[in-house]
Structures are given as C-alpha cells and as structure tokens.
Amino acid sequence: MNSRADHAAPAGPHPAVEPLPALTALRFVAAAYVLAFHFADRRFGRDALPETVALGYSGVTFFFLLSGFILAYNYRRVDLSKRAARVRFLRARVARVYPVYLLALAVALPWFVVWTAKATPPLQPLMAASAVLAPLGLHAWVPGAACALDCPSWSVSVELFFYALFPLLLPLALRRPGATALVTLAAWAASTAAAILVWNRYAPGHSLIDPGPGRAAILAQAIKYNPLLRLPEFVAGLLLFVLWQRVRLPVPPLLAVAGAAALVLVALVDRIPEPLLHNGLTALVWAPVILVGAQVHSGPLVAGWFVFLGRISFALYLLHVPADALVSSLDRAVLAGRLAETPWLGLGAATLLSLAAAAAVHLLVEEPARRRILGPRSRPAAAAAVPSA
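What counts as what
- Within each chain, residue numbers correspond to sequence positions counted from 1 in written order.
- Where local features are concerned, this predicted model is filtered to residues with pLDDT of at least 70; where side-chain atom pairs are given and counted, the filter is 80 or more; whole-chain, interface and lining totals use all residues.
- Excluding hydrogens and water, the side-chain figures rest on all heavy atoms present in the structure.
- Secondary structure counts use DSSP, requiring at least four H or I residues in a row for a helix and at least two E residues in a row for a strand, with both numbered from the N terminus.
- Based on C-alpha atoms, the radius of gyration is set beside the globule rule, defined as 2.2 Å times the residue count to the power 0.38.
- Three exposure classes are used, based on accessible area relative to the maximum for each residue type with a 1.4 Å probe and protein chains only: buried under 20%, partly exposed in between, and exposed over 50%.
- Note on areas: these come from Shrake-Rupley sampling with a 1.4 Å probe, and a residue is covered only by the protein chains present in the view.
- Here, two cysteine sulfur atoms that lie within 2.5 Å of each other are counted as a disulfide.
- Each Phe, Tyr or Trp ring, with Trp reduced to its six-membered ring, pairs with another whose centre is within 6.5 Å; inter-plane angles below 30 degrees give stacked pairs, above 60 give edge-to-face pairs, and intermediate values give tilted ones.
- Ring-over charges, as used throughout, are those where CZ of Arg or NZ of Lys falls within 6 Å of the ring centre and within 35 degrees of the ring normal.
- The term salt bridge refers to a side-chain nitrogen of Lys or Arg lying within 4 Å of a carboxyl oxygen of Asp or Glu.
- Here a polar contact is taken to be a pair of N or O atoms separated by no more than 3.5 Å, where protein atoms must pair a possible hydrogen donor with a possible acceptor and residues adjacent in sequence count only if both atoms sit in side chains.
- Here, two residues are considered to be in contact whenever any of their heavy atoms come within 4.5 Å of each other.
- Two joining distances apply to patches: 9 Å for like charges and 5 Å for nonpolar side chains (Val, Leu, Ile, Met, Phe, Trp, Tyr), and every residue must have over 30% relative accessible area and no salt bridge.
- Angles here are taken between N-to-C directions and fall from 0 to 180 degrees, while the axes themselves are lines fitted to C-alpha atoms, restricted in helices to the stretch in contact.
- Crossing handedness is defined as follows: a turn of the near helix away from the far one that is anticlockwise and smaller than a right angle gives a left-handed crossing, while the clockwise case is right-handed.
- Gly is placed with the polar residues, together with every amino acid not listed as nonpolar (Ala, Val, Leu, Ile, Met, Phe, Trp, Tyr, Cys and Pro) or charged (Asp, Glu, Lys and Arg).
- Working rule for helices: expected span equals 1.5 Å times residues minus one.
- Per residue, pLDDT measures the predictor's confidence, with a range of 0 to 100.

**Here's the deal with the overall build of the protein chain**
- In terms of helices and strands, the protein chain carries 16 helices and zero strands.
- Taken over C-alpha atoms, the radius of gyration comes to 20 Å for the protein chain, in line with the 21 Å a tight globule of 389 residues would show.
- Within the span of the protein chain, comprising 389 residues, buried residues form 54% of the whole.
- Working note: accessible area of the protein chain is about 16,700 Å², and carbon and sulfur atoms make up 69% of it.

**Some thoughts on the state of the cysteines**
- Evaluation of the coordinates by the stated rule reveals one disulfide.
- Bridging Cys147 to Cys151, the disulfide has an S-S length of 1.7 Å. The disulfide joining Cys147 to Cys151 has a torsion of about -100 degrees about its S-S bond and is therefore left-handed.
- By relative accessible area, Cys147 is classed as partly exposed at 23%.

**A closer look at the packing of aromatic side chains**
- Within the structure shown, the criterion is met by 25 aromatic pairs.
- Their ring planes at 70 degrees and their centres at 6.2 Å tell us that Tyr73 and Phe241 sit as a pair that is edge-to-face. Highlighted residues: Tyr73 in helix H3 (residues 59–75) and Phe241 in helix H9 (residues 227–246), separated in sequence by 168 residues.
- Between Tyr73 and Trp244 the ring centres are 5.8 Å apart and the planes differ by 70 degrees, which places this aromatic pair in the edge-to-face class. Here Tyr73 is found in helix H3, whereas its partner Trp244 is found in helix H9, with 171 residues between them in sequence.
- Grouped by ring-pair contacts, the aromatic residues Phe64, Tyr75, Phe89, Trp141, Trp154, Phe161, Phe162, Tyr163, Phe166, Tyr225 and Phe234 constitute a single cluster.
- Above the plane of the ring of Phe39 lies Arg43, whose end atom (NZ or CZ) is 5.6 Å from the centre.

**Details of the pattern of salt bridges**
- Overall, the coordinates contain seven salt bridges when judged by the stated rule.
- For Arg370, the salt bridge identified is with Glu367, shortest N-O distance 3.2 Å. Taken together, the positions of Arg370 and Glu367, both in helix H16 (residues 343–374) and three residues apart, correspond to about one turn of that helix.
- On the accessibility criterion, Glu367 (12% relative accessible area) is buried.
- The structure contains a network of salt bridges with shared partners spanning Arg42, Arg43 and Asp324.

**Considerations on the side chain of His362**
- Looking at where His362 falls in the secondary structure, it is placed in helix H16.
- Under the relative-accessibility criterion, His362 is labelled buried at 6%.
- Within the structure, the side chain of His362 is placed 2.9 Å from the side chain of Glu366, a separation counted as a polar contact.
- Leaving out residues up to four positions away in the same chain, His362 has contacts with Phe308, Arg311, Ile312, Glu367 and Pro368.

**Examining a nonpolar patch on the surface**
- Where nonpolar side chains cluster on the molecular surface, the patch consists of Val132, Leu136, Leu138, Trp141 and Leu228 and spans about 470 Å² of accessible area.
- By secondary structure assignment, the location of Leu136 is in helix H5 (residues 123–136).

**Section: the packing of H3 against helix H6 (residues 154–175)**
- Between H3 and H6, the least distance of the axes is 11 Å, while the angle of their chain directions is 35 degrees. Like other packed secondary-structure pairs, H3 and H6 cross with a definite hand, here right-handed. Facing H3, whose interface residues are Val60, Phe63, Phe64, Ser67, Leu71, Ala72 and Tyr75, H6 presents Trp154, Ser155, Val158, Glu159, Phe162, Tyr163, Phe166 and Leu170.
- Taken together, the residues of the contact of H3 with H6 sort by class into twelve nonpolar, two polar and one charged.

**Some details on the side chain of Arg230**
- Along the chain, the position of Arg230 falls in helix H9.
- Reaching out from Arg230, the side chain makes a polar contact with the backbone oxygen of Lys224 at a distance of 2.8 Å.
- At 2.5 Å, the side chain of Arg230 forms a polar contact with the side chain of Glu233.
- Filtering out sequence-adjacent residues up to four positions away, Arg230 remains in contact with Thr61, Phe64, Trp154, Val158, Phe162, Lys224, His278 and Asn279.

**A short note on the environment of Phe89**
- Positionally, Phe89 belongs in helix H4 (residues 83–118).
- Here the alpha-carbon distance between Phe89 and Gly12, two residues 77 residues apart in the chain, equals 8.6 Å.
- Apart from the residues within four sequence positions on either side, Phe89 is in contact with Pro13, Leu71, Tyr75, Leu80, Tyr163, Phe166 and Pro167.

**A closer look at helix H11 (residues 274–281)**
- In terms of burial, H11 is a largely internal element, seven of the eight residues being buried.
- Taken residue by residue, H11 has Glu274, Pro275, Leu277, His278, Asn279, Gly280 and Leu281 as its buried positions.
- Buried positions along H11 lie against H3, helix H7 (177–202), helix H8 (215–224), H9, helix H10 (251–267) and helix H12 (283–295).

**Here's the deal with H9**
- A rise of 1.5 Å per residue sets the reference length of H9, with its 20 residues, at 28 Å; its end C-alpha atoms lie 29 Å apart and thus fit the reference within 8%.
- Here H9 lies mainly inside the structure; 15 of its 20 residues are buried.
- The N-cap residue of H9 is Asn226: its side-chain oxygen and the backbone nitrogen of Leu228 are 2.9 Å apart.

**Some words on the confidence of the model for the protein chain**
- Confidence along the protein chain averages 93 in pLDDT terms, with 94% of residues attaining 70 or more.
- Taken as a whole, residues 1–10 scores under 50 in pLDDT and shows 42 contacts with residues more than four places along the chain or in a different chain.
- When the criterion is pLDDT under 50, residues 381–389 qualifies, and its contacts beyond four places in sequence or with other chains add up to 53 contacts.

Here you go:
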C-alpha cells in the first residue's frame with residue numbers, strides 16, 4: 001500500500017516479484033479497523049467502546065510493518081546504492097502515494113478551515129501551519145500540525161521519511177539482521193520509555209489517544225506521530241521479511257501466537273502505558289498475521305472482491321475522515337441532526353460513503369495517475385503497503 005521490471009530492461013523500479021494477494025486483502029482489514037475505531041469513537045465515545053475496537057488505532061502499526069516487509073520483498077535484489085535505482089524507487093513511491101494523498105488533503109480543506117478558525121492558541125497557529133506542511137509531507141514532524149488537515153495523512157508524512165531512509169536501511173537488514181534487530185529494539189525501548197516518562201510528567205490524567213484540546217494534545221501528537229518514534233516499526237517490517245525469507249513458519253502456530261498476543265493485550269490494556277500500545281507493542285499481533293498472509297495463496301483472502309477491497313484501502317484510509325465530516329455536515333444542514341440521534345445509522349452512512357468514494361478514487365484517480373507518472377509500460381500495483389491512520 002508496485003510495478004514490476006526485469007533485470008535487462010526494467011519497466012518499473014524493481015524486478016518482477018510473485019504477487020502476495022492475501023497481504024493486499026489484509027490491508028483492507030487494517031484500514032477498516034482504523035475506520036471502525038474513528039467512527040465508533042466519534043459517535044459513542046471511547047469509554048463505550050469494547051477494548052477490541054478501542055485498539056483500532058493499532059492498524060497503523062500493521063501498515064508500518066507491512067510497508068517494511070513489502071518494500072524489502074520487492075527491492076531485495078535492487079542495488080539502491082546506484083542513483084538511477086534510487087530515482088526509480090522514489091518515483092514509484094511518489095506515483096503510489098501522492099495522487100490520492102493530495103486529493104484527500106484538498107477534499108478535507110473546508111473542515112480544516114473551520115476547525116482551525118475555532119481552535120485557540122497554542123494549537124491554532126500550529127494547525128494553520130499544516131496548510132503548507134501537509135502537501136510537502138512534513139506535518140508529522142510538527143505537533144499540532146500533524147493531525148490538522150485530514151488527520152490520517154500524518155502516517156503518509158511518516159512513510160515519506162521511511163522512504164528516504166529505505167536505501168540505507170535495507171542493506172543493513174539484509175546483511176546484518178541480528179545487529180539491526182538489537183539496535184532497533186534498543187532504540188524502540190529507549191524512545192518509548194522516554195515517551196512514557198514525559199507523558200506521565202506533563203500530562204497526568206490525560207489519555208494519549210484522546211487528550212482533548214490544549215497542551216496535552218500537542219504533547220500527544222509529539223509522541224504518537226513523530227517519524228523518529230515510529231521508525232522501529234518500519235525496520236521491524238524489514239526484519240520480518242528477512243525472517244520469512246529464511247524460515248517459513250507453519251500457519252497454525254503463527255495464528256496461535258497472534259491470537260494469544262491479542263488476548264493478552266486486550267486483557268491488560270488498562271495496565272499497559274498508552275505510548276507503549278500506540279507506538280508498536282501491537283506488532284506482537286500483527287507480525288505473525290503478516291507472516292501468515294505472505295504464505296496464503298488460496299481461500300477467502302485471495303478472492304477477487306477481497307483483493308479489490310485491499311487495493312482501495314489507501315484511498316479508504318485517507319478519505320474516511322472527510323467522508324464522515326461530510327455526513328455530519330449534511331446531517332446538521334439538511335436533517336436537523338437526526339443522524340446524530342441514531343449513531344448506528346450515521347456510522348453506516350459514513351461507512352458506505354467512504355467505501356464508494358475510495359472505490360471511485362482508486363479507479364478514476366489513483367491507478368490512472370500512477371500509470372501516467374510511471375509511464376505506459378507500468379503494470380498494476382502489487383501488494384505494496386502505504387499506511388493508509
């Protein structure tokens with residue numbers, strides 16, 4: 001969330017690879033999980049959500065892991081130390097991300113203007129800065145700006161940082177996976193411990209996931225969205241590919257590990273510091289799920305309709321918040337707030353609009369624009385992963 005090539009005359013940025021359709025389908029599962037969290041949280045309140053739904057933000061960890069896994073899978077035989085290879089890689093990333101990304105930002109502008117006008121200092125000027133920073137993919141670096149213009153777009157800003165480092169990180173993961181894993185684990189542990197200490201010191205009593213307005217919101221964004229703090233999840237995806245390449249673990253034990261990890265996290269959610277949960281701990285669940293998806297080549301996960309849903313998942317992820325805002329605005333303007341009084345009906349309407357918009361944008365904007373940027377020899381995108389929270 002890529003095009004293919006042969007070694008002699010590349011038609012794309014990397015040699016041809018075998019499709020992994022189950023991973024494409026799982027992209028939709030993760031995007032739908034994020035959507036369910038956002039829509040239910042907005043209509044019912046976080047305290048009313050089952051813990052399984054309240055952890056829906058963890059779908060972004062899935063996308064960061066999957067992004068590292070798929071990019072390593074696609075580019076493992078590409079020498080990214082060569083400038084031409086790096087240019088092809090970055091061009092492919094721009095083609096994959098920017099058409100839908102810029103469209104989503106444009107669609108979200110009316111609500112951005114209204115919400116920014118209603119905000120107060122110190123949040124307001126930071127939110128306003130997103131008008132310039134978001135199109136450049138830099139807003140995740142600035143707390144307050146990161147979630148102002150189509151909030152899910154923060155993860156694309158983070159992904160762009162990952163792409164910039166990918167030519168350096170991939171050789172390390174492939175050649176020295178053990179050392180890379182140790183350094184990554186140490187960096188994740190240190191940064192997460194620091195985040196926990198800072199959060200407990202300067203925002204006691206606030207929820208990292210829903211901190212409310214003011215300084216707590218700015219600090220929460222600094223912890224949740226900072227690209228450096230999320231980098232270990234992407235590197236873990238690279239290392240996950242190395243593991244999968246060397247050892248094919250059986251599917252039943254992997255599913256058992258994922259299920260057991262999910263049960264433990266749900267059972268202990270109130271005792272686990274929120275920065276730990278938000279910034280990567282749920283990889284204990286998602287990593288075995290990705291390993292399973294990489295091995296599945298038959299069954300429901302590779303059904304055509306499911307794979308198509310996976311292909312529209314990037315657009316779904318970026319468009320579901322403005323789609324929900326449109327439903328709410330029309331409800332107030334036309335229906336006098338009746339949908340707000342029936343939250344399940346409003347949730348269903350927002351979901352249907354999100355899916356319809358995502359399908360239309362994928363077919364009419366995303367794929368045509370990608371082919372135009374990459375040229376006429378480009379082929380349909382494989383199971384690449386762009387976060388799509």
